[in-house]
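Residue-level structural notes
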Amino acid sequence: MDNMVNVYFFGKKYSVPAELTIMTAMEYAGYTLSRGCGCRHGFCGACATIYRIKGKNELFTCLACQTQVQEGMYIASIPFFPTDKRTYSMEEIRPEAQVMMELYPEIYSCIGCNACTKACTQSLPVMQYIAYAQRGDIQACAEASFDCIGCGCCSVRCPAGISHPMVGLLARRLTGKYIAPTSKHLVDRVEEIRHGAYDEIIEKVMGKSIDEMKELYNHREIEK
């Protein structure tokens, strides 16, 4: 308790242990997090947060579950970010430049400010994968956006109103369905599952206790 820092949640000052993340610091301060939190391990993107440091004007974006508190941190959680997912059928579209033009025409309004890349909580080359989408290079867009968790921090900083996570998601879906080579062993395994080859095993696993599941996990056979 000797190492404490002063932070501000929604304008109210709190003294919290310096080793905490923003999320755990909020709970330490008495907040009950029923929204704006999910996996707590940096994968779901639900805890996108904006903050600045006292005495500095720069605005930062982060994931609350992955970012350690700092002295003088002013923090505000946003309930959601304005990503705009368009409606489409994967059976009716193809991996062509035209599909990006039709579904996400705003990508061609990009002014190259790179604010999206600077805001990315995963340090992805966001502006670059939007450039790939503009050129119709669907596979390159999919690869560059592969680690996107859809937190939306890039979109909230974009003056052109681009929904970057949704563009990347579309590119990855198109790549998976039409460009990436078919994995025969995966197709075979799916068919086995559909025909009930693993029903008995699944029932046994579902009937085990948490401790038994942990034991199974810790001693599982890992394929080399």
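In short, a report on the structure. Note that this is a predicted model, so its numbers are computed, not measured.

Criteria and thresholds
- The residue numbers shown here count from 1 along each chain, following its written sequence.
- Where local features are concerned, this predicted model is filtered to residues with pLDDT of at least 70; where side-chain atom pairs are given and counted, the filter is 80 or more; whole-chain, interface and lining totals use all residues.
- With hydrogens and water stripped out, all remaining heavy atoms of the structure feed into the side-chain values.
- Note on aromatic contacts: the rings of Phe and Tyr and the six-membered ring of Trp form a pair at centre separations within 6.5 Å, being stacked when their planes are under 30 degrees apart, edge-to-face when over 60 apart, and tilted otherwise.
- Categorising residues by exposure relies on relative accessible area from a 1.4 Å probe, with only protein chains included: less than 20% of the type maximum marks a residue as buried, more than 50% marks it as exposed, and the intermediate range marks it as partly exposed.
- Think of it as a cone above the ring: NZ of Lys or CZ of Arg counts as a charge over the ring if it is within 6 Å of the ring centre and within 35 degrees of the ring normal.
- A run of H or I in DSSP counts as a helix once it spans at least four residues, and a run of E counts as a strand once it spans at least two, with each numbered from the N terminus.
- Should DSSP find at least two bridges between two strands, the strands are regarded as paired.
- Here, a salt bridge means any side-chain nitrogen of Lys or Arg that lies within 4 Å of a carboxyl oxygen of Asp or Glu.
- Should any heavy atoms of two residues lie within 4.5 Å, those residues are considered in contact.

**Quick look at the packing of aromatic side chains**
As enumerated under the stated definition, the model contains 6 aromatic pairs in all. Measuring from ring centre to ring centre gives 5.2 Å for Tyr 51 and Phe 60, while their planes differ by 20°; the resulting arrangement is stacked. According to the relative accessible area criterion, Tyr 51 is buried, its value standing at 9%. Ring pairs connect the aromatic residues Phe 9, Phe 10, Tyr 14 and Tyr 31, which therefore count as one cluster. Just above the ring of Tyr 88 sits the side chain of Lys 85; from NZ or CZ to the centre is 5.1 Å. Positioned over the ring face of Tyr 217 is Arg 220, at 3.9 Å from the centre of the ring.

**Observations regarding the pairing of strand S3 (residues 48–53)**
Counting buried positions along S3 yields 5 of 6 residues, so the element is predominantly enclosed. Sheet topology places S3 next to strand S4 (residues 60–63); 4 bridges connect them, and they run antiparallel. For Ala 48, the partnering residue across the bridge sits in S4 and is Leu 63. Counting the residues between successive antiparallel strands, the hairpin from S3 to S4 contains 6 residues, one of them, Gly 55, with a positive phi of roughly 90°. Bridging between S3 and strand S5 (residues 73–77) involves 5 bridges; their strand directions are antiparallel. Bridging across to S5, Ile 50 finds its partner in Ala 76.

**Points about the pattern of salt bridges**
Counted by the stated rule, this structure contains 8 salt bridges. The salt bridge partner of Glu 27 is Arg 40, with a shortest N-O separation of 2.7 Å. Here Glu 27 is found in helix H1 (residues 22–28), whereas its partner Arg 40 is found in the loop between H1 and S3, with 13 residues between them in sequence. For Glu 27, a relative accessible area of 32% corresponds to the partly exposed category. By relative accessible area, which is 34% here, Arg 40 ends up partly exposed. Lys 204 is the partner of Glu 200 in a salt bridge, and the nearest nitrogen-oxygen pair spans 3.7 Å. Of this pair, Glu 200 and Lys 204 both sit in helix H9 (residues 199–206), 4 residues apart, which is roughly one turn of that helix. Taken as a pair, Glu 200 and Lys 204 share a single burial class, namely exposed.

**What to know about the pairing of S5**
Note that strand S1 (residues 4–9) and S5 share 3 bridges and pair parallel. Of the residues in S5, the one forming a bridge with Phe 9 is Ile 75.

**A few points about the side chain of His 164**
Mapped onto the elements of the fold, His 164 is located in helix H7 (residues 164–179). Given the relative accessible area of 1%, His 164 is considered buried. Those residues in contact with His 164 that sit more than four places away from it in its chain are Cys 116, Val 126, Tyr 129, Ile 130, Cys 154, Ser 155 and Cys 158.

All we've got here are geometric facts, nothing functional implied.
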